Amino acid sequence: MSERIKSLEAYHQEYERSVADPEGFWADKARQFQWQKPWDQVLQWNFRDPDVKWFLGGKLNITENCLDRHLETRGDQTAILWEPNETDEPGKSLTYRELHAEVCRFANVLKAHGIEKGDRVCLYMPMIPELAISVLACARIGAVHSVVFAGFSASALADRINDASAKAVLTSDGNFRGKKSIPVKSVVDEALQQCTSVSSCIVVQRTKDEVDWTPGRDFWWHEEREKVTADCAAETMDAEDMLFILYTSGSTGKPKGVVHTIGGYMVYTEYSFRNVFQYEDGDIYWCTADIGWITGHSYIIYGPLLAGATTMMFEGVPTYPDAGRFWQIVEKHRVNIFYTAPTAIRALQAFGEAYVEKYDLSSLKTLGSVGEPINKEAWEWYYEHIGKKKCPIVDTWWQTETGGIMISPLAGITPLKPTYATLPLPGVQPMLVDAEGKELTGNGVEGNLCIKFPWPSILRTTYGDHERCRQTYFSTYPDMYFTGDGCRRDEDGYYRILGRVDDVINVSGHRMGTAEVENAINEHPDVIESAVVGYPHEIKGQGIYAFVICEEDVTDEEKLRQEILGTVTKVIGPIAKPDKIQVVRGLPKTRSGKIMRRILRKVAEGDVSNLGDTSTLLDPGVVEDIKSGALSSA
Ligand code: PRX
């Protein structure tokens, strides 16, 4: 393992070098890896097209770096530690050697099913070791993985399979999650009715629930595994070949497939993992995210395995069998580094300290937070009750598109300030701009957060639609990557993320486009139009407030609400269900037909005292109507 940054002074030096000589800096970081052929050029870029390439001409396979490279030095060390949903079911662990063998075996299964370099494979699976094995098996043979969070509906899954023209789907019979056993395969069956590109569906047996079977298409993982050897040479890949697609929501239209490529993503996830968490050999590291999101990709699988860490995967939920589950697991496995989301912290905080005090948390050294702004109360509770005031909290700001952590304290090195993501990682050049794109220099400023220079794990494109990538991220402000976040740089130069400035909402750390939720609501036959906004929610960070206009007078509003929830669940999944649905006569539109969301946000927040200027509205009377029917924001 290569050196970590060990002091604030070293951080500043490293940061300065990364800005003065980015190519030399990242070439040095990249050299520790196993390259089948070294790169010819470190970086080529412009943010106009955009066109960003790192380590041009370099050949490698990321799994050789996650697995083979470690066999000699840490073959018998645990790579993946898996904790099941039930407390009385034995967990599993895989050493680096065992994981290597399983990945090679499953890579051979994929090959036997005709999957080749460049083919897309969709993974729709619960948090079981086979999910991590599948991800790596794809990478082993150069197939592109597209993991879809297993809470999405059949229709959302079908959209993602079709967008990527996936050749195979990897799934499980079911999923144990808390008290429930959730059918997974049946969602895939339903999705596949709308997909023609898929020739194989390989199913892990987890719950042993009965499932429908399509002979010739469906295969059991455990049966296929027996038919192949555990020998599989790693495919030679170009540094800029696609590693994966991960769908994420934006402010318009359907979710887009964010594309990450191999070389830069590898170098950056390892570097950021090692430095942010200050991982030391032998540490037990646990990130509670789901592999269906970017956090799971970069900081359960790739970053930790590249760094030779022991990474934990948990199948269940934080409140089962009770709200002490996380802490019980920390005690049981003597977890040293714990990385979770503010929404989980707030939810557990609400259950009180008794669940925490039952367990010995003395193994903890570092805590992490990701996915949404962490409020002061949650930060302090986490710091005091979980970290016992001795563990630094790394509040890590980043995005699906950035591939890795961008702004964050380095554990134990960067002085903390609650609710602040603090300072950029070396190689990251943030910049705040005003609405016109003018740079806000100096400290004590607030504006839109952009990044002005490429870092190795920046997204390369959006799958099948490069223009959309340009439009979304590189056109708002010329020659800059626009994050979509508002941000404050305080007097000390510390960064505090204020949340999205576009029509993206963040509900329990799940990112959603308001347009996407509106489109789902509009599928209900009685709905003519809808408008969705986020509002502050004590546990979820943001809740979803929907204003809907219906065909005719609604007699049974409760029934309509339930039906709309059902429609949204069917179109997207339960995570997108509105918390509040208000039936309205009209929406506040300007004469050009644009919905004035500012007004709706105020109503949703329960602050109707000052709605600002409403004179440009087509029908200002609508506002009174909406105000009088507003649902309490409690
Ligand atoms: O608004 C920011 C918020 O989450 C968005 C990115 O969401 P997603 O692509 O799903 O990735 C989440 C996990 C990396 C960002 O635009 N966000 C993420 N981390 C933080 C955050 N907001 C405040 N503080 C954070 N630490």
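Looking at an unreviewed UniProt entry, the chain carries the name Acetyl-coenzyme A synthetase, with the source organism given as Catalinimonas alkaloidigena.

Student: So what exactly am I meant to see when it comes to the pairing of strand β16 (residues 284-287) here?
Tutor: Both faces of the sheet carry side chains from a regular strand, because those side chains alternate between them. Residue alternation in β16 divides its side chains into two sets, I284 and W286 and Y285 and C287, and both sets are buried. Where β16 meets strand β17 (residues 310-314), three bridges bridge the pair, whose relative direction is parallel. The residue of β17 that forms the bridge with I284 is T310. Of the crossover connections in this fold, the one passing from β16 over helix α10 (residues 294-306) to the parallel β17 is right-handed. Relative to strand β18 (residues 337-340), β16 runs parallel, the two being bridged by three bridges. In the sheet register, Y285 faces β18, and the bridge partner there is I337.

Student: When you look at the site of the ligand in this model, what are you seeing that I'm missing?
Tutor: In the vicinity of the ligand lie 17 residues, with D395, T396, T400, D485 and R511 positioned nearest. A distance of 3.4 Å separates a nitrogen atom of the ligand from a polar atom in the backbone of P373. Between the ligand and the protein, one listed contact pairs an oxygen atom with a side-chain N or O atom of R500 at 2.8 Å. For the ligand, whose unbound accessible area comes to 550 Å², protein coverage reaches 95%. Secondary-structure elements contributing two or more residues to the shell around the ligand are α10, β20 (393-396) and β25 (495-500). Each residue belonging to the shell around the ligand can be placed in one class, and the counts come to six nonpolar, six polar and five charged.

Student: What is the right way to look at a positive patch on the surface in this model?
Tutor: Residues R177, K179, K180 and K577 make up a contiguous surface patch of positive charge. Overall, K180 belongs to the exposed group, its relative accessible area being 56%.

Student: When you look at the environment of A164 in this model, what are you seeing that I'm missing?
Tutor: Examined against the element boundaries, A164 turns out to sit in helix α6 (residues 154-164). Given a relative accessible area of 2%, A164 falls into the buried group. The spatial distance from the C-alpha of A164 to the C-alpha of V121 is 8.5 Å, given a sequence separation of 43 residues. Other than its neighbours up to four places away in sequence, A164 contacts R120, I245, Y247 and Y463.

Student: Is there a simple way to think about the pattern of salt bridges in this case?
Tutor: Any two side chains of opposite charge can pair, on the condition that their charged atoms come close. Applying the stated criterion to the full structure yields 51 salt bridges. Among the ionic pairs, R140 bridges to D68, the shortest N-O distance being 2.8 Å. With R140 in helix α5 (residues 129-141) and D68 in helix α3 (residues 62-74), this residue pair connects regions lying 72 residues apart in the sequence. Residue R140 is classed as buried on the basis of its relative accessible area, which comes to 3%. Among the residues examined, D68 registers a relative accessible area of 23% and is labelled partly exposed. Here E270 makes a salt bridge to R274, at a shortest N to O gap of 2.7 Å. On the criterion of helical spacing, the pair formed by E270 and R274 is a turn pair, its members being four residues apart in helix α9 (residues 262-277). For E270, a relative accessible area of 1% corresponds to the buried category. On the basis of relative accessible area, R274 is assigned to the buried category, the value being 2%.

Student: Please explain the UniProt feature "binding site: CoA" (unreviewed entry) in the chain as it appears in this structure.
Tutor: Residues given the UniProt feature "binding site: CoA" (unreviewed entry) here are T295 and S508. Of the residues just listed, which span 214 residues, no C-alpha pair is farther apart than 14.0 Å, and they cluster in one region. Within the fold, T295 resides in helix α10. Among the residues examined, T295 registers a relative accessible area of 10% and is labelled buried. Setting aside anything within four residues of it in sequence, one finds T295 in contact with C287, A289, I300, Y339, V370 and W398. As for its position among the elements, S508 is in the loop between β26 (504-507) and β27 (510-513). Taking the relative accessible area as the measure of exposure, S508 reaches 23% and is therefore partly exposed. The residues touching S508, leaving out its near neighbours within four places in the chain, are T343, E372, K540 and Q542.

Student: Teacher, can you tell me more about the sheet that holds strand β22 (residues 445-451) here?
Tutor: Backbone-to-backbone hydrogen bonds pair the strands of a sheet. The strands run either parallel or antiparallel. Read from one edge to the other, the open sheet built from four strands follows the order β21-β22-β24-β25, with strand pairing classed as antiparallel. In the strand order of this sheet, the two ends are held by β21 (430-433) and β25, each with one partner. Ignoring strand direction, the axes of neighbouring strands in this sheet form an average angle of 45 degrees. With four bridges joining them, β21 and β22 adopt antiparallel strand pairing. Bridge assignment links P430 to a residue of β22, and that residue is I451.

About the thresholds
- Residues numbered from 1 in each chain as written.
- Predicted model: local features only at pLDDT ≥ 70, side-chain atom pairs only at ≥ 80, totals over all residues.
- Heavy atoms only, no water.
- Buried < 20%, exposed > 50% of the residue type's maximum accessible area, 1.4 Å probe, protein only.
- Helix = DSSP H or I, 4+ residues; strand = E, 2+ residues; numbered from the N terminus.
- Pairing = 2+ DSSP bridges.
- Right-handed = clockwise from strand over helix to strand, strands pointing away.
- Near = heavy atom within 4 Å.
- Polar contact = N/O pair within 3.5 Å; in protein donor to acceptor, adjacent residues only side chain to side chain.
- Areas by Shrake-Rupley, 256 points an atom, 1.4 Å probe, with all protein chains shown as cover.
- Nonpolar A, V, L, I, M, F, W, Y, C, P; charged D, E, K, R; others polar.
- Patch = residues over 30% accessible without salt bridge, like charges linked within 9 Å, V, L, I, M, F, W, Y side chains within 5 Å.
- Salt bridge = Lys/Arg side-chain N within 4 Å of Asp/Glu carboxyl O.
- Lys, Arg positive; Asp, Glu negative; His and termini not counted.
- Charge placed at Lys NZ, Arg CZ, Asp CG, Glu CD.
- Contact = heavy atoms within 4.5 Å.
- UniProt positions renumbered as here; feature names shortened; annotations may be inferred.
- Axes fitted to C-alpha atoms, helices over the stretch in contact; angles between N-to-C directions.

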